Structures are given as structure tokens and as C-alpha cells.
Amino acid sequence: MKTEISLEEIKEDLESKKSSKKEKKEFAITDLPGVGAATAEKLKEAGFDTLLSIAVASPGVIVEASGVGEAVARKIIQTARSKLNLGFESGDEILRKRENIIKLTTGSKAFDALLGGGVESSALTECYGAFGSGKSSLAHQLAVNVQLPREKGGASGQAVWVDTESTFRPERIKQIAEAAGLNSEEILKNIKVARAFNSDHQMILIDKVEELIKEGAPIKLLVVDSLMSLFRSDFTGRGQLADRQQKINRHIHALLKLAEMYNVAIYLTNQVMSRPDVFFGDPTEAIGGHIVAHGVTYRIYLRKGKKGSRVARMIDAPHIADTECCFVITEKGINDLE
Ligand code: ADP
Ligand code: MG
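Quick notes on the rules
- Residues numbered from 1 in each chain as written.
- Chains lettered and ligands numbered in written order.
- Predicted model: local features only at pLDDT ≥ 70, side-chain atom pairs only at ≥ 80, totals over all residues.
- Heavy atoms only, no water.
- Axes fitted to C-alpha atoms, helices over the stretch in contact; angles between N-to-C directions.
- Helix = DSSP H or I, 4+ residues; strand = E, 2+ residues; numbered from the N terminus.
- Parallel < 35°, antiparallel > 145°, perpendicular 65-115°, else oblique.
- Left-handed = near helix turned anticlockwise from the far one by under 90°.
- Contact = heavy atoms within 4.5 Å.
- Nonpolar A, V, L, I, M, F, W, Y, C, P; charged D, E, K, R; others polar.
- Phe/Tyr/Trp six-rings, centres within 6.5 Å; stacked < 30°, edge-to-face > 60°.
- Buried < 20%, exposed > 50% of the residue type's maximum accessible area, 1.4 Å probe, protein only.
- Pairing = 2+ DSSP bridges.

### Describing the packing of helix α11 (residues 199–214) against helix α13 (residues 241–262)
Helix-helix packing is described using two parameters, namely the angle between the two axes and the distance between the axes. One way to put it is that α11 packs onto α13 with a least axis distance of 10 Å and a crossing angle of 15°. It follows that α11 is roughly parallel to α13 by the angle criterion. Regarding α11 and α13, the two cross each other, and that crossing is left-handed. Here S199, D200, Q202, M203, I206, V209, E210, I213 and K214 of α11 lie close against α13, whose contacting residues are K247, R250, H251, A254, L255, L258, M261 and Y262. Taken together, the residues that form the contact of α11 with α13 break down as nine nonpolar, three polar and five charged.

### Points about the packing of aromatic side chains
Where two aromatic rings form a pair, the distance of their centres and the angle of their planes describe that pair. For the coordinates displayed, the defined rule picks out three aromatic pairs. With a centroid separation of 5.0 Å and 70° between ring planes, the pair formed by W161 and F168 is classed as edge-to-face. With a relative accessible area of 1%, W161 lands in the buried category. A relative accessible area of 13% places F168 in the buried class.

### Here we look at the pairing of strand β12 (residues 324–330)
The pairing of strand β11 (residues 310–316) with β12 spans four bridges and is antiparallel. Along β12, the bridge assignment pairs R310 with F327. Inspection of the sheet shows β12 paired to strand β13 (residues 333–335) by three bridges, in the antiparallel sense. What sits directly across from V328, in β13, is N335. The antiparallel hairpin formed by β12 and β13 contains two residues in its connecting segment.

What is shown is where atoms sit, not what they do.
Written as C-alpha cells, this is what we have:
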């Protein structure tokens, strides 16, 4: 068990006390029907520390986070919505929002098609797969492609790369950029890389990205390579699993908020483990459990295919059927199979 309390945690604690005080003046989480102090605490620990986060949650997630029944969860969400005056949006407003969505090309038409056009802004796209399956390669490719103009599958934007495993390779960026006839110096300048040293640091970096955007940086892609490795090494014991999941839940919520508020494409890589209880078929599973599985918008499984190709499989997505496609990774980057 961790006994030391870091300065960050103390700060965090103070911040959360401050913000809960602020909310008390208006409508506190504990004012929601069926939410006592203990339930409010559970909700907060799971990342539901504002009325808005509860208002936009699904009943299942609230049930899971707080242990209340489904009917109570619905009531809680409804009340949070009514208190926030979350009104209806008309279809044309939603359409306008959808039209602002950017789809970054992966470099492969087949892979883009699998994704419904490319790696979307306002969403979390996760690729999981074994070592060497191509997760970081796609990250490098996207960091270049986000800088292309929109008509070429980019967003004329910059990339931020949160590097947890020291996998960012400027040489690889140079190679991909030059193969596309781009000025690699310029391309490299528009990729901001931050090495994260532990899971707290990883989470703080997400706030920093928001600051950069607020200062005017045209950031349209955030890469986290990889999402879970630091959480895995920071929380090793079985007894720490619940703490880890609460924290990863907060992290996923922060990422989703960033994606939606600033129309940023967020690309996450994830490691795999082998499920001991699967005897037939592929036992490979992403780590992070249902919190990551439910939190991400698009989840793709990458594996090596025939003759050095790669296979991408869409695991679940709101409006795309589960399908597979093939692509290749060459020195020029990601491309279609010949
Ligand atoms: P992951 O992040 O899933 O572990 P990577 O994206 O690092 O995997 O994939 C590494 C693979 O990408 C290599 O095994 C190789 O097949 C391919 N690759 C990486 N760089 C190059 C390159 N310069 N030229 C050709 N293939 C490359
Ligand atoms: Mg990698």
C-alpha cells in the first residue's frame, strides 16, 4: 500500500474541496435524489465530481460507480440534467457539430474505411495489440497526417504526444514526412512531446494540453502511447486494482472532455494480456478492463497478418459494423496492401 502522500495529491484534495464548496452554493451532488454522503464519495472517486459529468453519464456507468440501483441512477441523471438546464439540441445543430468533426487519414484507405473515414476528432480511438503490431507506427503516421490540410485527410493542426514508454522516434517522423514530400523540420516542430514518468504525471499532462489549446495552439491530435503502462506499474498489487480503476476512469473522462470541448482527435495505444479462460480462438484482450473498454469511442485490435501485413479489427463502435481490414507498414509509413 502507498503510505506517502504526494504534494500533487494534497493539492488535488484541496482543489476538490474548493470546487465542492463552490457547488454547494448552487446544487450539490449530495442534493441529488438517493445520493447520500457515501454515494457522493463513491461517485467522486469514480470521476463523477460535477453535475455535468453525471448528467452526461449513462445509468449503467452510475450503477457501476456508486452501487445504486438502475432506477435510482436514472433519477440521479435526470435531476442532474434538469438542474443544468441541458436542453434539446435540434437536428441541424447536431449535424453542424458532426460537420466540424475531422477525420484524420491513417495512410491506408482500407483502414480509413474501417474507421468510418479516419481517426475522428471529438472521440477516443484506441488500438490495442501485441508488441510490434503497429500501434506506435500509427501514432507516428497520425502525428504527421494531422498537419496536412483537410482535403488531404489532415486538420492543419499540431500534435501532442504523451510518451510513457519512450517510443517516440523523431527519425521515424522524418522518414514518414519526407516520403510524403513534406518539410520534416516543420513537421517535427509541430509535434510536442512530453515524457510521462508516472500515472499522476500522465494525468497532469492532459491539463497542460488544455492550457496549450487555450493559449491558442492549434492542437488537433493527442497521442497517448501507451495509455495503461504507467498505471500498471504504479498499481501493482491485487489490492490496488480498485484504486487503479478509479484513477484510470478519471483519466478517461478528462481525455473525453478534452476531445469533445476542443474537437481534438485522441489516439490511445494499449497493451494486451492473454485471458487464461479462453481456450478457443484468440485469447488476446486489452488491459484496463471495462472502464477503458466502455470509455473509448472506437476500439481496434491490431495484429500481424500474412506476409508482414497488419490486420485491424473494429471491436465495437457506435455506428460501424465489426469488420477487419489489412494494411502494411513500410519505411514510408502506413499504406494499403498492394
Ligand atoms: P507496437 O507499437 O504495436 O509495439 P510498432 O508500431 O512499434 O509496434 O511496430 C513496429 C513494426 O513496424 C516493426 O516491427 C516493423 O515491422 C514496422 N516498422 C517500423 N519502422 C519501420 C520502418 N522504418 N520501415 C519498415 N517497417 C517499419
Ligand atoms: Mg509501441
